[in-house]
There are 2 protein chains.
Amino acid sequence: MRASILTIGNEILSGRIINTNASFIASKLYSLGFKVNHILTVADKATDIINALDYITADTDIVVTTGGLGPTSDDISKKVISNYFGRELIFKDEIAHYLKNKFGTTDFSESMKSQAMVPAGGEYFINKVGTAPGILVRSKNIMLFMLPGVPKEMKYLLEEEIIPYLTEHFDIEENIIFNLRTSTIPEIKIYNRIKELINKNDLKFVGFYPSYGVVDVRISGSKSEEGKLSKIRDLIKRELYDYIFEEGFRNLEEIIGERLRNKGAILSIAESITGGMIGGRITDVPGSSDYFSGGVVTYSNSSKIKILHVSEDTLEKYGAVSEETCSQMLSGVSTLFNTDCSIAVTGIAGPGGGTKKKPVGLVYIGVRAFDKSIIKRYNFSGNRNMIRERTVNYSIYLLLKLLEKAG
Amino acid sequence: MRASILTIGNEILSGRIINTNASFIASKLYSLGFKVNHILTVADKATDIINALDYITADTDIVVTTGGLGPTSDDISKKVISNYFGRELIFKDEIAHYLKNKFGTTDFSESMKSQAMVPAGGEYFINKVGTAPGILVRSKNIMLFMLPGVPKEMKYLLEEEIIPYLTEHFDIEENIIFNLRTSTIPEIKIYNRIKELINKNDLKFVGFYPSYGVVDVRISGSKSEEGKLSKIRDLIKRELYDYIFEEGFRNLEEIIGERLRNKGAILSIAESITGGMIGGRITDVPGSSDYFSGGVVTYSNSSKIKILHVSEDTLEKYGAVSEETCSQMLSGVSTLFNTDCSIAVTGIAGPGGGTKKKPVGLVYIGVRAFDKSIIKRYNFSGNRNMIRERTVNYSIYLLLKLLEKAG
């Protein structure tokens, strides 16, 4: 089964934004068993959209479009595409009703009305995280899905509506994907270890997806090769045992949340270099108030002293970025919030502030779980953002590992 | 002048990698004054490349391709494209010589030889950071540049060779962009106000780029229309005066940093609903320790009481999400960190925890600048992430506005 992705929007053509929507959709379609033939971006201009449809529909079974479904005048996708397939737009009460409820209004603006229009004979999928619904138009040989361009909304509709729909309507052989999520080990080290482990020919099934502090190792191929793929996965799992925190796609913050909840443990966090990012990440998870009491961002020395009772002597003797300060931040925040588990981080994110002895990228991470605690020292490379992101991921991962040992 | 980008490679179609090459090329071409009409990705398969060329060359002046120039068997771009334009491949001594020197060899492998082949009548650009040269084929109306897919090599050839070449050979006019960044007003409200303000025909110059809590209104067009574009910009600026925080592309956190620094003011933050995200954002900016002392994440009631001295009575009578609690968090954090400026936020991010009286999306934001302070109440729509992102952006914006009034 062949698929095409059509993203509509000037901001991609002018290079202002990177087309992450397309790669997200492509990877989802690929894992469903589709062969993606085209990824195309054109402007939100009628003739351009029509030419694009002529081109891609000559050689595909399904099309997924994103963008141009909003309520403003430059959002023309729905009109043009419906017209292309010879369909009128029809007002759907159910969508209107949903939007009215959502906005708590009885009054109906023109722009809201336009969101409730669907091509005749088409189907629609209510957008629970935004306003513009997803739309499906079927012609003789083609199914075309229209999705909004806002990534969160696109993802919601794709995962909750479109993929189940495709799975139901197509008899496709799924591709198999094993995803091993690792932390505290760089991509190049993983690659070198794996390269020696499995034979050269089998390396083609293995992909590496690095972000800052987390690297996904993905083994994928068609279902008919499941046996071989499982064998590769098991070899890699054994080799990378110390670094794997998830087989699947859950995030560090979801997994730490589950573990803390299961143990009835409560977490507190003392942040310096990350300025609150670790707390922000932990509380991304709904219900995190069950196991997260709070934290302190002690960006200045005076706040480290006053709130976390780091000693002035320690700061003077060892500096704010030191094992000693990190350790006192860790015990300080545990005491302040009276928690069993805590994280403390201090470091130099740069670009300024580094010295020869304490260069940019030097980070101390302390974690505590019940009666156990450790402080680790890292020299991260990269820019400010990369260093901070790594600190967030490493700190959560280290707590996860310590929690395991704490039984 | 119209441009198209054709990226050739299976790894983009399977979603394994994000097409950052295309956005890099697009932004460079756009700022040179080109209008990018297509960004297209197809597989490295002859028929797919030929169909793609038929499609894009119907409507463009220049094409930039990436990928498929390497020495391996699946790198077929050069052969297929040359063939498409009816050109034979010819061996170029200069390239061969360069590669021999580079590898310090007199011997010449087949794969090296293939790198030295250039379409008859074509030009080439030596690749000083890799092996495959960039290639230019001209036909009657079109210039087509082939670049390797390795980002570093593509960037080198584009910046050092292709852009100078284009600047020399085309009489192009640069594009003008005015970008107005707004906050605390939804896209749809902006649209409705602008729609009534400027005539329908001029709306085509205006684009809307919303994220959660910040909407960019962008006026862009060619340099010859500068007068008209400036007029539109001025009209919009007057209409949206209360919501604009930047003419350009700087972020809220950069601007608040600059203001705080200029006033010699120090900031502290008390976060509940955002869990540390505001502090994370403020400290994204290098040097933020100059004006950010720190913050407290009081996710639990007990931490609000213990650390910020919110009164138990208040929490019992009005609840954690109330104007009263927000106000006490604001004064509590100002006192704790002894700062002139502070932010305090409390709210319900959902999906659980909402009631009829206090629904998901209810957020109180308090800001204080010297002797002035205000508390605002919002009912945000959207999911957990959208509500939290809006809270971050709105809170920084509100402080920015209050700082202006504080003289």
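Residues numbered from 1 in each chain as written. Chains lettered and ligands numbered in written order. Predicted model: local features only at pLDDT ≥ 70, side-chain atom pairs only at ≥ 80, totals over all residues.

Student: I'm lost on the overall build of chain A in this one. Help?
Tutor: Per the secondary structure count, chain A includes 15 helices and 17 strands. For chain A, the spread of C-alpha atoms along the principal axes amounts to about 75 × 60 × 40 Å. Within the span of chain A, comprising 407 residues, buried residues form 47% of the whole. For chain A, contacts bridging at least 24 residues in sequence account for 67% of all contacts bridging at least 6. (Helix = DSSP H or I, 4+ residues; strand = E, 2+ residues; numbered from the N terminus. Buried ≥ 20, exposed ≤ 12 C-beta atoms within 10 Å, placed from the backbone. Contact = placed C-beta atoms within 7 Å.)

Student: How should I be thinking about the interface of chain B and chain A in this particular structure?
Tutor: By convention, interface size is frequently given as the accessible area that disappears when the constituent parts associate. Facing the 65 residues of chain B at the interface are 64 residues of chain A. Residues that form the side of chain B that touches chain A fall into these classes: 30 nonpolar, 30 polar and 5 charged. Looking at chain direction, strand 14 (residues 292-298) of chain A and strand 14 (residues 292-298) of chain B are connected through 5 bridges and run antiparallel. Each residue of the ladder has a partner; that of Val296 of chain A, found in strand 14 of chain B, is Val296 of chain B. (Nonpolar A, V, L, I, M, F, W, Y, C, P; charged D, E, K, R; others polar. Pairing = 2+ DSSP bridges.)

Student: For this particular structure, what's the right way to read the sheet that holds strand 3 (residues 62-66) of chain A?
Tutor: Within the open sheet, the 12 strands sit side by side as 6(A)-7(A)-8(A)-3(A)-1(A)-2(A)-2(B)-1(B)-3(B)-8(B)-7(B)-6(B). Their pairing is mixed. This sheet does not close on itself; its edge strands, each paired only once, are strand 6 (123-125) of chain A together with strand 6 (123-125) of chain B. Averaged over all pairs of adjacent strands, the angle between their axes in this sheet comes to 15°, without regard to strand direction. Relative to strand 8 (residues 143-147) of chain A, strand 3 of chain A is paired through 5 bridges, and the arrangement is parallel. Along strand 8 of chain A, the bridge assignment pairs Val63 of chain A with Leu144 of chain A. Against the sheet, helix 3 (residues 46-57) of chain B touches strand 2 (35-42) of chain A together with strand 1 (2-8), strand 2 (35-42) and strand 3 (62-66) of chain B, its axis set at about 165° to strand 2 of chain B. Sitting on the sheet, helix 4 (residues 77-84) of chain B is in contact with strand 1, strand 3, strand 7 (134-138) and strand 8 (143-147) of chain B, with an inclination near 170° to strand 8 of chain B. (Axes fitted to C-alpha atoms, helices over the stretch in contact; angles between N-to-C directions.)

Student: Help me out: how do you make sense of unusual backbone geometry in this one?
Tutor: The phi angle of most residues is negative, glycine excepted, and most peptide bonds adopt the trans form. Residue and element names in this part refer to chain A. With an omega of 0°, the peptide bond between Gly350 and Pro351 qualifies as cis. Position of Pro351 among the secondary structure elements: in the loop between strand 15 (341-347) and strand 16 (362-369). Its identity as a non-glycine residue notwithstanding, Asn338 has a phi of 55°, on the positive side. Looking at where Asn338 falls in the secondary structure, it is placed in the loop between helix 14 (323-337) and strand 15. Here Phe370, not a glycine, exhibits a phi torsion of approximately 55°, which is positive. Tracing the sequence through the fold places Phe370 in the loop between strand 16 and strand 17 (372-379). The exposure class of Phe370 is partly exposed, given the 14 C-beta atoms found within 10 Å.

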